[in-house]
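Observations on the three-dimensional arrangement
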Amino acid sequence: MRASLIQIAVNEDESVDRRRARVSSLVRDQAGSADLVILPELWTTGAFAYELFAEEAEPLEGSTYEAMSRAAADAGVWLHAGSIPERDPEGPLYNTALVFAPDGTLAAAYRKIHRFGFDKGEAVLMSPGAELVAVRLPETVLGVTTCYDLRFPELYRGLVDRGAETLVVSAGWPERRRAHWTLLAQARAVENQAYVLACGSAGTHAGVEQAGHSIVVDPWGEVLAEAGAGEEVLRVEFDPAEVATTRDRFPALKDRLLGLDPPRRP
């Protein structure tokens, strides 16, 4: 399976409409070279540009939805379109990730459960999601997560119980905690015996330098590919069958003693 992680630079001198058009073009450029394309968190505004969340919030099927749906269909790819500030018809804001099928239809929407900010910023401005989301692709099952979720291993265990084999993280992770980004991505891969595809952003969000360094980790915790700090497209080819092989050869997940709800597969 071929994946392209598009590490977008979010800069304040570029309008949201211009960035949306540029990112659509980058997605279309993956036609023929990727089966799955992944974008960062809140790339329309920047993950730390809190003052823009309400101003740029969209309905689920708003401008970004329409642009990404067309781009996915034009490229013929599965597209994890990062996340948007979603305004629910009843008023609340959510940090919502969108996943599109190769025909442009919406396959899933995930409202971020763990909001960052410690009683300020996103933690105050956004409402929490309540549902885990796993999406069945022909080659694998994606578990969909966003940025700060990466610090909460129980969420990923829940996704594994729903059949997830490839864990996707869309993020706007700060440079000052880049070591945590790499460490946690590898930990989530090892403990769940799954691939982790973690796509961050570049540039500066409201004065917060972004880590970049999007990363792909295999079920043994080995780094298959890693980006640098600037905008780039990280391309990688991986074999989803390695998840079952790893879990069979080293069946650690079978030794779990803390019971969870019965698995619910997509």
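As the structure is a computational prediction, the values presented were derived from the model and not from experiment.

Counting secondary structure elements, the protein chain contains seven helices and 15 strands. In terms of C-alpha radius of gyration, the protein chain reaches 17 Å, essentially the compact-globule figure of 18 Å for 266 residues. Counting the 266 residues in the protein chain, one finds 56% classified as buried. Look at the contacts in the protein chain between residues 6 or more apart in sequence, and 68% of them connect residues 24 or more apart. Per element, the accessible surface of the protein chain, about 11,100 Å² overall, is 50% carbon and sulfur. Separation of charge centres in the protein chain, based on 27 positive and 40 negative side chains, amounts to 3 Å.

The phi dihedral of phenylalanine 118 falls on the positive side, at around 50 degrees, and the residue is not glycine. As for its position among the elements, phenylalanine 118 is in the loop between β6 (106–111) and α4 (122–125).

Inspection of the secondary structure assignment puts threonine 146 in strand β8 (residues 141–146). Relative accessible area serves as the criterion here: at 0%, threonine 146 is assigned to the buried category. The contacts of threonine 146, once residues within four sequence positions are left out, are Glu41, Ser83, Asn95, Ala97, Tyr110, Lys112 and Ser170.

In this section: the packing of helix α5 (residues 153–161) against helix α6 (residues 178–192). Axis separation between α5 and α6 bottoms out at 11 Å; the angle between their running directions is 40 degrees. Regarding the angle of α5 to α6, the classification is oblique. In terms of crossing hand, the pair formed by α5 and α6 is right-handed. Only Arg188, Glu191 and Asn192 of α6 make contact with α5, whose side of the interface consists of Pro153, Tyr156, Arg157 and Val160.

Quick look at the sheet that holds strand β15 (residues 232–237) now. Strand order in the open sheet formed by six strands is β6-β5-β4-β3-β1-β15, with mixed pairing between adjacent strands. In this open sheet, the two edge strands, each paired with only one partner strand, are β6 and β15. Taken pair by pair, the neighbouring strands of this sheet meet at an average axis angle of 25 degrees, ignoring direction. In terms of strand pairing, strand β4 (residues 78–87) meets strand β5 (residues 93–100) through seven bridges, oriented antiparallel. Paired with isoleucine 84 across the bridge in β5 is threonine 96.

All right, on to the packing of aromatic side chains then. By the definition in use, this model includes eleven aromatic pairs. Measuring from centroid to centroid gives 5.7 Å for tyrosine 50 and phenylalanine 53, while their planes differ by 75 degrees, and the two rings are edge-to-face. Of this pair, tyrosine 50 and phenylalanine 53 both sit in helix α2 (residues 50–56), separated by three residues, roughly a single helical turn. For phenylalanine 53, a relative accessible area of 1% gives the class buried. Taken together, a centroid distance of 5.9 Å and an interplanar angle of 55 degrees make the contact between tryptophan 220 and phenylalanine 250 tilted. In this pair, tryptophan 220 sits in the loop between β13 (215–217) and β14 (223–226) while phenylalanine 250 sits in the segment after α7 (241–249), placing the two residues 30 residues apart along the sequence. With relative accessibility at 48%, the residue phenylalanine 250 sits in the partly exposed group. Each residue in the set Phe48, Tyr50, Phe53, Phe116, Phe118, Tyr148 and Phe152 is aromatic and connected to the rest through ring pairs, giving one cluster. Above the face of the tyrosine 94 ring, arginine 111 is positioned so that its terminal group lies 3.8 Å from the ring centre.

Cut-offs used in this document
Residues numbered from 1 in each chain as written. Predicted model: local features only at pLDDT ≥ 70, side-chain atom pairs only at ≥ 80, totals over all residues. Heavy atoms only, no water. Helix = DSSP H or I, 4+ residues; strand = E, 2+ residues; numbered from the N terminus. Rg over C-alpha atoms; globule rule 2.2 N^0.38 Å. Buried < 20%, exposed > 50% of the residue type's maximum accessible area, 1.4 Å probe, protein only. Contact = heavy atoms within 4.5 Å. Areas by Shrake-Rupley, 256 points an atom, 1.4 Å probe, with all protein chains shown as cover. Lys, Arg positive; Asp, Glu negative; His and termini not counted. Charge placed at Lys NZ, Arg CZ, Asp CG, Glu CD. Axes fitted to C-alpha atoms, helices over the stretch in contact; angles between N-to-C directions. Parallel < 35°, antiparallel > 145°, perpendicular 65-115°, else oblique. Left-handed = near helix turned anticlockwise from the far one by under 90°. Pairing = 2+ DSSP bridges. Phe/Tyr/Trp six-rings, centres within 6.5 Å; stacked < 30°, edge-to-face > 60°. Lys NZ or Arg CZ within 6 Å of the ring centre and 35° of its normal.

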